[in-house]
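Working through the structure, step by step
Listed below are the residues making up each chain.
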Amino acid sequence: MDARTWLTQLVGFDTTSRNSNLALIETVRDWLKRQGVQSWLAHNADGNKANLFATLPAADGSVQGGVVLSGHTDVVPVDGQVWDTDPFVLTEKDGRLYGRGSADMKGFIAASLALVPEFLAMPRKKPIHLAFSYDEEVGCVGAPVMLAELQGRGIKADGCVVGEPTGMQVVVAHKGINLFTCRVHGKAAHSSLTPDGCNAIEYAARLICRIRDIADAMKANGPYDKFYDVPFSTMTTNLIKGGIAVNTIPALCEFGYEFRNLPGMPADEIQAQVERYVREELLPRMQAEYADARIEIETGAAAPGMDASEDDAITQLARALTADRVTRKVAYATEAGLFHNVGIPTVVCGPGDIKQAHKPNEFIEVSQLADCEKFLRRLGQSL
Ligand SMILES: [Zn+2]
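To keep things clear, this report deals only with the structure shown in the data block.

Cut-offs used in this document
- Residues numbered from 1 in each chain as written.
- Predicted model: local features only at pLDDT ≥ 70, side-chain atom pairs only at ≥ 80, totals over all residues.
- Heavy atoms only, no water.
- Helix = DSSP H or I, 4+ residues; strand = E, 2+ residues; numbered from the N terminus.
- Rg over C-alpha atoms; globule rule 2.2 N^0.38 Å.
- Buried < 20%, exposed > 50% of the residue type's maximum accessible area, 1.4 Å probe, protein only.
- Contact = heavy atoms within 4.5 Å.
- Areas by Shrake-Rupley, 256 points an atom, 1.4 Å probe, with all protein chains shown as cover.
- Lys, Arg positive; Asp, Glu negative; His and termini not counted.
- Charge placed at Lys NZ, Arg CZ, Asp CG, Glu CD.
- Pairing = 2+ DSSP bridges.
- Axes fitted to C-alpha atoms, helices over the stretch in contact; angles between N-to-C directions.
- Donors = N, O, S within 2.8 Å, 3.2 Å for Na, K, Ca; no water.
- Tetrahedral: all angles 85-135°; square planar, octahedral: opposite > 155°, others 65-115°.
- Core = buried A, V, L, I, M, F, W, Y, C linked by side-chain atoms within 4.5 Å.
- Salt bridge = Lys/Arg side-chain N within 4 Å of Asp/Glu carboxyl O.
- Polar contact = N/O pair within 3.5 Å; in protein donor to acceptor, adjacent residues only side chain to side chain.

What to know about the overall build of the protein chain
Each helix and strand counted, the protein chain has 10 helices and 18 strands in total. The C-alpha atoms of the protein chain give a radius of gyration of 24 Å, which matches the 21 Å a tight globule of 383 residues would have. For the protein chain, the spread of C-alpha atoms along the principal axes amounts to about 80 × 45 × 40 Å. Evaluated residue by residue, the protein chain yields a buried proportion of 53% over its 383 residues. Within the protein chain, contacts between residues separated by at least 24 positions form 79% of all contacts whose residues are at least 6 apart in sequence. Counting every atom, the protein chain has about 16500 Å² of accessible surface; 51% of that belongs to carbon and sulfur. Across the protein chain, 38 positive and 48 negative side-chain charges occur, with their mean positions spaced 3 Å apart.

Have a look at this one:
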C-alpha cells in the first residue's frame, strides 16, 4: 500500500482523543503481521486505547539500536468547526489531501507504513522501530506507557524521529508544557456579612496575579533562547470559574493555568514559586479568616521539553537527509522530550505544516508526503 492509500485508511478512523484508537492500531498490527513483523501493544488502564511498537530487525536479526519512527494516532476534535469536506474522508483537491490528522500526524505514520516492505528488503545493519501512540493531543498521556514497556523489555534505540508536521525541516528543540488545576476553598456567607465568610474568588485572584508576576519575571530576566519565537518561558491562567450569586461570598474558585518552560529551565522550579507563595503568604492569610480554608493544586498533563545536540547521530543524520542546516526551536510540545528523557536522542521532522494542525480543512500537500517517503527511504538506506 502506498502512503496515500494508507493515509486514506488512517484518516477514516475517527481517532479523536476521546475515542478508542483500537480499530486503527489493530489494523496496523494485523497488516504488519502479514508482512512478518511482530508488534506489541501497550494499553491504557481502561483497555480501550493502545500504543503500538514494532521492530523491523536488521539483516542479521538484531533488534537493538537503530532508529525509532514515532507518531501519535489520535487527532484533535472537529467539534464546532466548519469543514468543506468530510474530515474523516481523505479528499484530494489541487495537490492537497484534506482530512483531520492529514498533517497532524497521520501523514507521517502513513509514509512510515508505506515504506515497511522496502525497509524489510533493505540489507540494513540496524533495526527500524515503529512507535505509534495514543492520547498525545491531551498532553502526551499515551507515550509514557509505551516508553515504560520499552524500558522493561530492555529495547534500546540510537535515535528517534518524531514526525510532527515541520515541513520536513529539522526541529532540534521544543518547550515543555505543564498544566495545573487550582481549587481555592473559602467559606460562603451572605455578602453583607463579609467577616463571616472567606472569599475564594478574591484569594484565587491574588494567586493568579502572582502567577502573572512569575511570568513577567521570566520575560524580564530570562533565561532566554533566541531561537524560539517566544524566547523565554511563559506562564498563563486560561480558565476560571467560581461563585454562585452576586450577593453570596463564594466558597469555591477553580482555575486552570499552564506554563511552557524552556528545556533548560526545570518545571519543578517554576511550580515551586507558586507553591511557596501559597504556603507562606496566601494560605496563612486565608486561614486567619477561616481556619479550614485550603488551596489544592492538581497537576494535569505535562510533557518535558527537548533540546537535541547537534552532535547526536540522529541530528546529523536528519540534517544530512534534509540538507537543512537551520537551527529551529518551537514553542509547541511533542513526544520528543519523552524519548529524549529515556536516553534516546530525538529530533522532530515530518511532513505537512503545523499551521494546518487543529484547524478546519486541515490538509497535507501531496508533495510533502512524497518528500517524507524519500526521507524515510534514505534513512533506511543509511542504516
Ligand atoms: Zn501532533
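Comments concerning the sheet that holds strand S11 (residues 234–242)
The antiparallel open sheet is built from four strands, whose spatial order is S11-S13-S9-S14. The outermost strands of the open sheet, each flanked by one partner alone, are S11 and strand S14 (294–303). When strand polarity is set aside, the average angle formed by the axes of neighbouring strands in this sheet is 20°. The sheet contact formed by S11 and strand S13 (residues 252–260) spans eight bridges and is antiparallel. When the sheet's bridge partners are listed, Thr234 is paired in S13 with Arg260. Against the sheet, helix H7 (residues 267–289) contacts strand S9 (177–185), S11, S13 and S14, and its axis sits at roughly 170° relative to S14.

Focus: the pairing of strand S6 (residues 128–133)
Among the six residues that make up S6, six are buried, leaving the element largely enclosed by the rest of the structure. Both faces of S6 are covered, namely the face carrying Ile128, Leu130 and Phe132 and the face carrying His129, Ala131 and Ser133. By the bridge criterion, five bridges tie strand S2 (residues 50–56) to S6 in an arrangement that is antiparallel. Bridging from a neighbouring strand, Leu56 pairs with Ile128 of S6. Two strands pair when backbone bridges link them, and strand S3 (residues 67–72) and S6 are joined in this way by six bridges, in the parallel orientation.

Looking at the coordination of the zinc ion
Octahedral six-donor coordination of a metal ideally yields angles of 90 or 180 degrees, compared with 109.5 degrees for tetrahedral four-donor coordination. Around the zinc ion, the protein supplies His72 (NE2), Asp104 (OD), Glu164 (OE) and Glu164 (OE) as donor atoms, at distances of 1.8 to 2.5 Å. Of note is the zinc ion, whose four donor atoms meet at the metal with angles of 54 to 139° in an arrangement that counts as irregular. Sequence spacing among the residues donating to the zinc ion works out to H-x31-D-x59-E. With Asp104 in helix H3 (residues 102–114) and Glu164 in the loop between strand S7 (159–162) and strand S8 (173–174), this pair connects stretches of sequence that are 60 residues apart. Glu164 carries the same exposure label as Asp104, and that label is buried.

Some remarks on the nonpolar core
Nonpolar side chains in soluble globular proteins generally cluster together in the buried interior. Judged by nonpolar contacts, the single largest core of 79 residues is most densely connected at Val28, Leu32, Leu69, Leu113, Leu130, Val161 and Leu376. With seven residues, the single largest contributor to this core is H3. Setting aside residues up to four positions removed in sequence, Leu130 forms contacts with Leu32, Leu52, Phe53, Ala54, Leu56, Leu69, Ser112, Leu113 and Val116. Residues Val184, Cys253, Phe255 and Met286 belong to the second largest nonpolar core, which totals 28 residues.

Observations regarding the side chain of Asp74
Looking at where Asp74 falls in the secondary structure, it is placed in the loop between S3 and strand S4 (91–93). For the buried Asp74, no salt bridge is present, and the opposite-charge side chain at shortest range is Lys49, 7.0 Å distant. At 2.7 Å, the side chain of Asp74 and the side chain of Ser17 are in polar contact. Among the polar contacts listed, one links the side chain of Asp74 to the backbone nitrogen of Asp135, at a separation of 3.5 Å.

Description of the pattern of salt bridges
Tallying each qualifying case throughout the model produces 23 salt bridges. Of the charged contacts, one joins Glu296 and Arg294 as a salt bridge, the two residues approaching to 3.0 Å between their closest N and O atoms. Residue Glu296 is classed as partly exposed on the basis of its relative accessible area of 27%. On the accessibility criterion, Arg294 (41% relative accessible area) is partly exposed. One salt-bridge network, in which partners are shared between bridges, spans Arg183, Lys241, Glu254, Arg294, Glu296 and Glu298.

Focus on the environment of Leu90
Positionally, Leu90 belongs in the loop between S3 and S4. When its relative accessible area of 13% is taken as the criterion, Leu90 is described as buried. Residues Leu90 and Leu7, spaced 83 residues apart in sequence, show a C-alpha to C-alpha distance of 7.5 Å. In contact with Leu90, not counting residues within four places along its chain, are Arg4, Leu7, Thr8, Val11, Leu97, Tyr98 and Ser102.

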